Amino acid sequence: MLIMYVAGMGMSDPIPTFAEVVTRIRDDHPGFAYIHVLEPSINHRPKDGTGQKESNKVLRDIWGDQPYIANTDFGRDSAIETVEREGGLISFAHHFISNVSEK
Amino acid sequence: MDAVHQNKSSIFLQLWALGRTGNPDILQKEGGYPFVAPSPIPIPPAPQQNGPAPQPPVPRALTVEEIGEYVQLYARAAENAVRQAGFDGVEIHGAYGYLPDQFLQTNANQRTDAYGGSVQNRARFVLEVTGAVVKAVGAERVGIRLSPWSTYQGEY
């Protein structure tokens, strides 16, 4: 069973920190297998619209043509649409987890 | 593992460290392990439908020496996964509020040493883990999972 804590993560502007991580991995570890990144979730997006600015585009641009796996909330159509627009790969999980305690 | 490879697929093992999302009672019971995180900042109480939320336990801040031990534990786990268990690679779980994410984000990291404060310092643990794991099994066998925008821990 999954225990749902609010983990108190989500600092106000995560991009500089995550951009540093992705940049350093790109520069220090050529041939790195992939980065697997949770996209801003539609389901968890704040209702006041502040979430509209959330995007991982900066990370995609840093990572370039190397394997980028996007994750969260994708179905067949949105996955195909995202890959055609952005490239990279999509991962799916929720549909394959039994007894998931949320969603 | 064999069944996966016989069917021409690959399998990566996800490497976790819990930090402040661990359960101190279980850590104690399983071998007297310390309940540790970047800073002594507990997870915020989970909202409850009935009654007040239980107060999550407060972790102890990792020492610099312990941080180095964690880095080496990741490398050993990667080596065990690939060289002994036969996984094709490992994915460092750097998302969802687990230990690496706790170092990255200011909500959980208020250290004043080389592992906290600036972007470079908060990224240091994740990059040291990544470097050690790459050294152990090779860059082409290592991925990392990140969740810049997630505020949650309990789903994956």
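Structure shown above.
Criteria and thresholds
- Residues numbered from 1 in each chain as written.
- Chains lettered and ligands numbered in written order.
- Predicted model: local features only at pLDDT ≥ 70, side-chain atom pairs only at ≥ 80, totals over all residues.
- Heavy atoms only, no water.
- Helix = DSSP H or I, 4+ residues; strand = E, 2+ residues; numbered from the N terminus.
- Buried < 20%, exposed > 50% of the residue type's maximum accessible area, 1.4 Å probe, protein only.
- Contact = heavy atoms within 4.5 Å.
- Areas by Shrake-Rupley, 256 points an atom, 1.4 Å probe, with all protein chains shown as cover.
- Polar contact = N/O pair within 3.5 Å; in protein donor to acceptor, adjacent residues only side chain to side chain.
- Pairing = 2+ DSSP bridges.
- Axes fitted to C-alpha atoms, helices over the stretch in contact; angles between N-to-C directions.

## Some details on the overall build of chain A
From N to C terminus, chain A includes three helices and three strands. The order of α-helices and β-strands along chain A, N terminus first, is α-β-α-β-α-β. Residues counted as buried form 39% of the 103 residues belonging to chain A. In chain A, once contacts between residues fewer than 6 apart in sequence are set aside, the share between residues at least 24 apart is 59%. On chain A, roughly 6,000 Å² of surface is accessible, and the fraction owed to carbon and sulfur atoms is 54%.

## Notes on the side chain of B:Ser147
For B:Ser147, the location among the structural elements is in the segment after strand E5 (142-146). Exposure remark for B:Ser147: the relative accessible area of 0% places this residue in the buried category. There is a polar contact of 2.8 Å between the side chain of B:Ser147 and the backbone nitrogen of B:Tyr96. Setting aside residues up to four positions removed in sequence, B:Ser147 forms contacts with A:Phe18, A:Leu38, B:Gly94, B:Ala95, B:Tyr96, B:Asp101 and B:Gln105.

## Quick word on the sheet that holds strand E3 (residues 89-91) of chain A
In space, the six strands of this open sheet follow the order E3(A)-E2(A)-E1(A)-E5(B)-E4(B)-E1(B), with parallel pairing throughout. Because the sheet does not close on itself, it has two edges, and the strands there are E3 of chain A together with strand E1 (12-15) of chain B. Averaged over all pairs of adjacent strands, the angle between strand axes in this sheet comes to 25°, irrespective of strand direction. In this structure, strand E1 (residues 34-38) of chain A lies alongside strand E2 (residues 68-71) of chain A, joined through four bridges in parallel fashion. By the bridge assignment, A:Leu38 is partnered in E2(A) with A:Asn71. Contacts between helix H3 (residues 64-84) of chain B and the sheet are confined to E1 and strand E4 (89-94) of chain B, with E4(B) contributing the most and set at about 145° to the helix. The strands touched by helix H5 (residues 119-137) of chain B are E4 and E5 of chain B; relative to E5(B), the strand with the most contacts, the crossing angle is about 155°.

## Here we look at the pairing of E4(B)
Residues and elements named next belong to chain B. Here E4 lies mainly inside the structure; six of its six residues are buried. Across the two faces of E4 the burial is the same, with Gly89, Glu91 and His93 and Val90, Ile92 and Gly94 all buried. Summarising the sheet, E1 and E4 pair through four bridges and their orientation is parallel. Pairing of Leu13 across the sheet is with Val90, part of E4. Pairing analysis gives five bridges linking E4 to E5, with the strands arranged parallel. Counted as the bridge partner of His93 is Arg145 from E5.

## A look at the environment of B:Glu66
Residue and element names in this part refer to chain B. Looking at the secondary structure, you find Glu66 in helix H3. Since its relative accessible area comes to 15%, Glu66 is described here as buried. In the structure, Glu66 is positioned 30 residues away from Val36 in sequence and 9.4 Å away in space, judged by C-alpha atoms. Excluding anything up to four places from it in sequence, Glu66 contacts Pro34, Val36, Arg60 and Ala61.

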